[in-house]
Amino acid sequence: MENDILLRMKSITKTFPGVKALDEVDISVKKGDIHFIVGENGAGKSTLMKVLSGIYPHGSYDGDIIFDGRIKHFHGIKDSVSDGIVIINQELALFPNLTVYENVFVGHEIHNSMSVMKWDDTKKEAKKYLDMVGLNVDLYSLVGLLGVGKQQLIEIAKALSQNVKLLILDEPTAALNEDDSENLLNLLVELKKKGITSIMISHKLKEVEAIADSITVLRDGRTVSAMTKAEINEQTIIKNMVGREIEDIFPKRPEYKGGPVVLETVHLNSFDTSLNRYIVSNSNIKVRKGEVVGIAGLMGAGRTELAHSIFGNPKKYKITGSTILFGKPVKLTSPRIAIENGIAYVSEDRKKDGLILEETISQNITVSALKKISRMGIINFFRQNKFAEKYVKDIDIRTPSILQQVKNLSGGNQQKVQVSKWLFAEPKILILDEPTRGIDVGAKYEIYTIINDLVAKGMSIIIISSELPEILGMCDRIYVIAEGVQTAEFDIKDATAEKIMHSATTALGV
Amino acid sequence: MTENTNVFKRIGWSIYKYILTIISLFRTNIRDYGMFVALIVIFIVFGFMTNWIFMGPFNFTNLLNQTAYVAVLAVGMTLVIVTRQIDLSVGFLGAFLGAYVVVAVETGGQSVVAALLGALVITIVVGIIKGYFIAKIKVPSFVVTLAGMFVFKGFLFIKTGNRTISTTHPFFIKVGTGYLPKFEINGFDVVSLSIGILILVIVLITGMVNRKKHRKLNIPSEKMEIFITKLLIMTAIIGYMTYVFSANKGISYLLLITVAVVVIYHFMTTQTTLGRRIYAVGGNPEAAELSGINVELILIIVFISMGILSMFSGVMYASRLENTSPKHGPFWELYAIAAAFIGGTSASGGIGKVVNAVVGAIVIMSLKNGMALAGIDANIEPIILGGVLLLAVVFDIYTRNVNAVDLVGIHYAKKEYRDEFAASKINFAKAKAELKAALKENRDDLIDFEYKFTNAQGEFNKIKDKIRGSKEEDFVTQS
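Note that residues are indexed from 1 along each chain, following the sequence as it is written. As they are written, the chains are lettered A onward and the ligands numbered 1 onward, keeping that order. Confidence filtering applies because this is a predicted model: local features only for residues at pLDDT of at least 70, side-chain atom pairs given and counted only at 80 or more, and all residues used for totals across whole chains, interfaces and linings. Where side-chain values are given, they derive from all heavy atoms of the structure, hydrogens and water being excluded.

Undergrad: Please provide a residue-by-residue account of the overall build of chain A, values included.
TA: By the criteria applied, helices consist of DSSP H or I runs no shorter than four residues and strands consist of E runs no shorter than two, each listed in order from the N terminus. Within chain A, the regular secondary structure consists of 17 helices and 23 strands. Restricting the calculation to C-alpha atoms gives the radius of gyration, and the globule rule supplies 2.2 Å times the number of residues raised to the power 0.38. Against the compact-globule benchmark of 24 Å for 510 residues, chain A has a radius of gyration of 25 Å, which places it among compact chains. Based on the C-alpha atoms only, the size of chain A along its principal axes is roughly 70 × 50 × 45 Å. The buried label applies to any residue whose accessible area, calculated with a 1.4 Å probe on protein chains only, is under 20% of its type's maximum; exposed applies above 50%, and partly exposed to all values in between. A buried classification covers 54% of the 510 residues belonging to chain A. Restricting to contacts in chain A with at least 6 residues of sequence separation, those with at least 24 account for 66%. Put simply, chain A shows about 22,700 Å² of open surface, and 51% of that area lies on carbon and sulfur atoms. Charge counting follows a simple rule: Lys and Arg are positive, Asp and Glu are negative, and His as well as the terminal groups are ignored. In this description, the location of a charge corresponds to atom NZ of lysine, CZ of arginine, CG of aspartate or CD of glutamate. Charge separation in chain A, taken as the distance between the mean sites of 64 positive and 65 negative side-chain charges, equals 5 Å. Residue contacts are counted whenever heavy atoms from the two residues lie within 4.5 Å of one another. In short, Shrake-Rupley with a 1.4 Å probe defines the accessible areas, and a residue's cover is counted only from the protein chains shown.

Put into structure tokens, the structure is as follows:
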């Protein structure tokens, strides 16, 4: 019986400064199984896999990893790979500047005794493994020019070329369309027949039901339950995963009563010259006064790109089509002009594009409209701090002082600073890109309350989100985007998670 | 009669097709070839200004000898920049090591081999120290090597005792100013000639073998026209070089050393696991770590290699001048960095070829040499060099996202989609005119016109993009 078990992780505990990311987690995976690990964002799934693959080396966590009947001490990814454990992360570990066949063998090149590359063998072998994963691409094309679906398959080909025994996939289908996802799932079943065990992290319960042999549910860094194929049941999984009811997550909001259209895009196309393809094609969206419009779609579907195209095109795409603001066609050629026209955009990656982490709360809040607090280019610090105080109070940013550096705040409070920053510019239309990514449920609730307050005051808000409950719980109307194409529009009354998911995974006639 | 015109037409078409293919090749690879064109332009301009003395055997040999020390540094610097680092210390390090070897031989009475081995040990230790601070302690390479620059400047001053030390040792004389022996027959140097022919034959044979292998593995190889053109251009270059060398003193040892370094590094970067890993680290360090590559070790190796090449450079420079002096060293590293950037190395890492960096070095030295020869004020030279460097990088950024173009394919596609294209063009023009008229009248249903216009524009763009992306293979199945 014990022999069937390929992997056991026994009471794994991993602490980061201030947070217990994993608390006595147990999992066991049978040989030849496809094992799913499910759980909400921040449940500790990725951390667990990093422990397993040696990215967090032995000694930085408590507990034991038993692989193939032996206790293993992995000190780095090299150790786990040499035992046949290969992890494919969400951020793919590929080299955009190298070709397809070079990528398959980076790190374990085919070479002779003098370390000289055997390029012909490399190409032949690469082709073999690419055929194995059913990928038909030009061996010479640069990986950076391929789509995510293909890149993922190249990663799997790379794993196969390393004699993999246990393949770990961290949310592999998050960025894929339906066809690519199905391909991938079929491929896993194929690989299972060849004796390769896999662990998959996924949010998509449909996938779990389709191919899982066993699952482990994690919540807040603990193992909540483990089930075998016979016991798998969507309702139970959700209950275990969430542990709370949807009513507690979203504040009540009144029904939308209608109003004039404030923002409209007409046949908006954006062409990315570096990718050489349309990232937004034929977008026609309407936003009304006091309305919350949701933009749903998978990662990489072109949601953020659509927001950028509206918000002054900072990435310099080639844009055709028009944007109509308050009934007049406008050319928003830079974010500055977009801001002057009353549009604000709260970016998805608050650390990279949104906040200046080293500076204080008051500096961050006022940076979007320095004119309001300065005269002849000289900043009035009294006014700056007065405004900052106001927002800290209004929006309830929890901080000892407005002179606190933003990097010392929690994720939820950082997000509130970012929202305040744009409110300070007094926009009429606010675009929120993944407003609640990586923050806890309580902070989410507060952000949602702020959104409700703002629309009640007449602001229009566009929410871009990958989290369907958020879209369904907060929006009045929903557009769905797949591969840059707008595939559906729903009124909140007609929208269901299934309908949105269906539209998000079906691109129309490209 | 009709047959005749058909033949003419076919010949005309194949010539036209050939030209289109070559232009497509050029446009697709403009990033790589742009610099060669710049070099040719520089040669022609200076040739014209100096009554073709610039390109003559004597000066050309001289130019290559002058370039040698920068070219060797540029090769190492390319790898440093590819891994997203910089090395400012190589100038004074090279000068110091040159001084070390010369002083050891001249006043220390050591044998040349012992002196060179001593210098080698120093470079390796220095490389490990630099690499340790940069890779392990994570001090920015700019700071570490800036510190190194000051340190080695001090060492250079101490070693030379602040004065110029001449050398007459045969080793330095030979390396610095010696040439391969010549066997002249009818005024032609057999050695240079046979080396030239040998290189051509090797290129031809490897090219043929590769094509055959690719066909066997069912991997596409480059078009025949392109292969032949490349071969012809190479023949012309090698022919010219052979002429230059046989008309002058032959092949210098400086050139020989440089070529050896370039060949070894070209081989290393394109054919060995180490080369792949260096480019992987530069392209995506996180992914490299996750692929099991020892990123720290790779960085240390790159800095050791840079150190060894600085030693070569320093000894070559001292040999050519037949002395060592505290005045050697400044600006070498900056010339090397400039050469790498002019050669298309990307400052964001992962991209860069050592051969192109050497061409970059030749560009820099051609400017220096040519302007001196043409009698232009020496103070103007750095201004021009600065401009060229900036232009080269601007050019590189502009051509970064050039997509493959196949003009032959576009030619077919234009025929294929002629009607569609014309229709959407007319439609677009019409919508544009209507919108303009509506704007003038300031009509209420302006948005409808805007709507129509953008729609037509989108359709038109789609067809244009389709034609632009066409390839020859889409239309003609290769026989």
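What follows continues from the structure just given.
Undergrad: Please set out the environment of Ile-197 of chain B residue by residue, giving values where relevant.
TA: Tracing the sequence through the fold places Ile-197 of chain B in helix α8 (residues 190-217). Along the primary structure Ile-197 of chain B and Phe-428 of chain B are separated by 231 residues, whereas in three dimensions their C-alpha atoms are 58 Å apart.

Undergrad: So what's going on with a nonpolar patch on the surface? Which residues, and what values?
TA: Residue and element names in this part refer to chain B. Note that patches include only residues with greater than 30% relative accessible area and no salt bridge, and the join distances are 9 Å for like charges and 5 Å for nonpolar side chains (Val, Leu, Ile, Met, Phe, Trp, Tyr). We define a salt bridge as a contact between a side-chain nitrogen of Lys or Arg and a carboxyl oxygen of Asp or Glu at a distance within 4 Å. A cluster of nonpolar side chains, contributed by Phe-26, Val-37, Ile-40, Val-41, Ile-44, Val-45, Phe-48, Met-49 and Trp-52, occupies part of the molecular surface with about 850 Å² of accessible area. For the nonpolar patch, the element with the most residues is helix α2 (residues 30-49), which contributes seven residues. Here Phe-48 is to be found in helix α2. The exposed category is assigned to Phe-48, whose relative accessible area is 65%.

Undergrad: Quick rundown of a negative patch on the surface? Include the residues and the values.
TA: Among the surface-exposed residues, Asp-179, Asp-180, Glu-182 and Glu-483 of chain A lie close enough to one another that they form a single negatively charged patch. Among the secondary structure elements, Asp-180 of chain A is positioned in helix α6 (residues 178-193).

Undergrad: How would you sum up the domain arrangement of chain B? Please name residues and give values.
TA: All names here are of chain B. One can read the domain layout of chain B as domain 1 (19-178 + 253-398), domain 2 (185-251) and domain 3 (407-476). Each domain's extent was defined by an automatic or database domain assignment. Computed over C-alpha atoms, the centres of domain 1 and domain 2 are 26 Å apart. With 14 residues of domain 1 at the interface, the matching set in domain 2 holds 13 residues. Throughout, buried area stands for the accessible area (probe radius 1.4 Å) lost by two parts on being put together, summed over both. Surface buried jointly by domain 1 and domain 2 totals about 1,200 Å² across both partners, of which 73% is contributed by carbon and sulfur atoms. Linking domain 1 with domain 2 are zero salt bridges, by the criterion used here.

Undergrad: Outline the packing of aromatic side chains, supporting the account with residue identities and numerical values.
TA: Only Phe, Tyr and Trp rings are paired, with Trp represented by its six-membered ring, and only when their centres lie within 6.5 Å; those with planes under 30 degrees apart are stacked, over 60 edge-to-face, the remainder tilted. On inspection of all chains with the given rule, the structure shows 27 aromatic pairs over all chains. Between Phe-46 of chain B and Phe-54 of chain B the ring centres are 5.5 Å apart and the planes differ by 50°, which places this aromatic pair in the tilted class. For the pair Phe-46 of chain B and Phe-54 of chain B, a shared accessibility class is recorded, and that class is buried. Arranged with centres 5.4 Å apart and planes meeting at 70°, the rings of Phe-60 of chain B and Tyr-240 of chain B form a pair that is edge-to-face. Of the two residues, Phe-60 of chain B sits in helix α3 (residues 57-82) while Tyr-240 of chain B sits in helix α9 (residues 224-247), which places them 180 residues apart along the sequence. You can call Phe-60 of chain B buried: its relative accessible area is 6%. When its relative accessible area of 27% is taken as the criterion, Tyr-240 of chain B is described as partly exposed. Of the aromatic side chains, those joined through ring pairs into one cluster are Phe-43, Phe-46, Phe-54, Phe-60, Tyr-240 and Tyr-243 of chain B. Directly above the ring of Phe-387 of chain A sits Lys-372 of chain A, whose terminal nitrogen or CZ lies 5.3 Å from the centroid. Sitting over the face of the ring of Phe-424 of chain A, Lys-372 of chain A holds its NZ or CZ atom 4.2 Å from the ring centroid. Note on geometry: a ring has a charge over it if NZ (lysine) or CZ (arginine) is within 6 Å of the ring centre and within 35 degrees of the ring normal.

Undergrad: Go over the sheet that holds strand β7 (residues 166-170) of chain A with me, naming the residues and quoting the values.
TA: Residues and elements named next belong to chain A. Taken together, six strands build an open sheet; the order of strands is β6-β7-β8-β3-β9-β10 and the sheet is mixed. Two strands lie at the open edges of the sheet, namely β6 (85-88) and β10 (222-228), each paired on one side alone. Here the strands of the sheet are splayed against their neighbours by 15° on average, with no regard to which way each runs. DSSP-based pairing: two strands are paired if at least 2 bridges between them are found. Inspection of the sheet shows β7 paired to strand β8 (residues 197-201) by five bridges, in the parallel sense. Counterpart to Leu-169 in the pairing with β8 is Met-200. Inter-axis angles, ranging from 0 to 180 degrees, are taken between N-to-C directions of lines fitted to C-alpha atoms, where helices are fitted over the stretch in contact. Contacts from helix α1 (residues 45-53) reach β3 (34-38), β6, β7, β8 and β9 (214-219) within the one sheet, and its direction differs from that of β8 by about 145°.

Undergrad: Pulling in residues and values, what's your account of the interface of chain B and chain A?
TA: Each partner contributes to the interface: chain B provides 36 residues, whereas chain A provides 41 residues. Summed over both sides, the interface of chain B with chain A buries roughly 3,300 Å², with 59% coming from carbon and sulfur. Its largest share of buried area at the contact with chain A, chain B owes to Thr-273, Arg-276 and Leu-290 of chain B, together 18% of the area lost on that side. Here a polar contact is recorded for every N or O atom pair within 3.5 Å, except that within protein the pair must consist of a potential hydrogen donor and a potential acceptor, and residues adjacent in sequence are included only if both atoms are side-chain atoms. Across the contact surface, chain B and chain A share nine residue pairs in polar contact (both at pLDDT 80 or more). Only α8, α10 (253-271), α11 (273-283), α12 (285-290) and α19 (446-468) of chain B provide two or more residues apiece to the side of chain B that touches chain A. At nine residues, the largest contribution of residues to the side of chain B that touches chain A is made by α19 of chain B. Put simply, Ala, Val, Leu, Ile, Met, Phe, Trp, Tyr, Cys and Pro go in the nonpolar bin, Asp, Glu, Lys and Arg in the charged bin, and everything else, Gly too, in the polar bin. Within the side of chain B that touches chain A, the residues separate by chemical class into 13 nonpolar, 17 polar and six charged.

Undergrad: Kindly report on the nonpolar core, identifying the contributing residues and their values.
TA: In this description, a nonpolar core means a group of buried Ala, Val, Leu, Ile, Met, Phe, Trp, Tyr and Cys residues linked to one another through side-chain atoms lying within 4.5 Å. Val-75, Met-77, Leu-79, Tyr-265 and Ile-278 of chain B are the most contacted members of the largest nonpolar core, which totals 102 residues. For this core, the element with the highest residue contribution is α3 of chain B, accounting for 16 residues. Three or more residues apiece are contributed to this core by two domains, here domain 1 (19-178 + 253-398) and domain 2 (185-251) of chain B. Each residue touching Ile-278 of chain B, except ones within four places of it in the same chain, is listed here: Leu-79, Val-82, Thr-83, Met-268, Ile-298 and Val-302 of chain B. In this structure, Leu-263, Ile-295, Val-330 and Ile-462 of chain A belong to the second largest nonpolar core, which totals 74 residues.

Undergrad: Which residues make up the confidence of the model for chain A, and what values go with them?
TA: In low-pLDDT regions, the fine details of the predicted coordinates are not to be read closely. pLDDT runs from 0 to 100 and stands for how confident the predictor is about each residue. Chain-level statistics for chain A give a pLDDT mean of 84 and a share of 94% at 70 or above. Within chain A, helix α11 (residues 350-354) of chain A has the poorest average pLDDT of any element, 71, and strand β13 (residues 286-288) of chain A the best, 93.

Undergrad: Describe the side chain of Glu-207 of chain A, listing the residues and the values that go with them.
TA: Residues and elements named next belong to chain A. Secondary-structure assignment places Glu-207 in helix α7 (residues 205-211). At 2.8 Å, the side chain of Glu-207 and the side chain of Ser-202 are in polar contact. Sequence-distant contacts of Glu-207, defined by excluding residues within four places in its chain, comprise Phe-36, Thr-173, Leu-185, Met-200, Ser-202 and Ala-212.

Undergrad: Could you give an account of empty space enclosed by the protein, naming the residues involved and the relevant values?
TA: Sizing a probe to match a water molecule and rolling it over the atoms shows the empty space that remains. Cavity and pocket criteria rest on a 1 Å grid covering protein atoms alone: a 1.4 Å probe that fits but cannot get out defines a cavity, protein on both sides within 12 Å along at least 5 of 7 lines defines an open pocket, and an atom within 4 Å of a point defines a lining residue. Grid points are joined across faces, edges and corners, and a volume is the space filled by probe spheres set on the points. Counted according to the given criterion, the structure contains two cavities of 30 Å³ or more. Lining the largest cavity are 16 residues, and of these Val-86, Ile-87 and Glu-155 of chain A together with Leu-290 and Ser-291 of chain B sit closest to its centre. Mapped by element, the contributors of at least two residues to the lining of the largest cavity are α2 (77-82), β6 and α5 (148-160) of chain A. The class makeup of the residues in the lining of the largest cavity is nine nonpolar, five polar and two charged. Each pocket or cavity is described by its volume, and for the second largest cavity that value is around 30 Å³. Residue assignment for the lining of the second largest cavity shows that the elements contributing at least two residues are α3 and α13 (295-321) of chain B.

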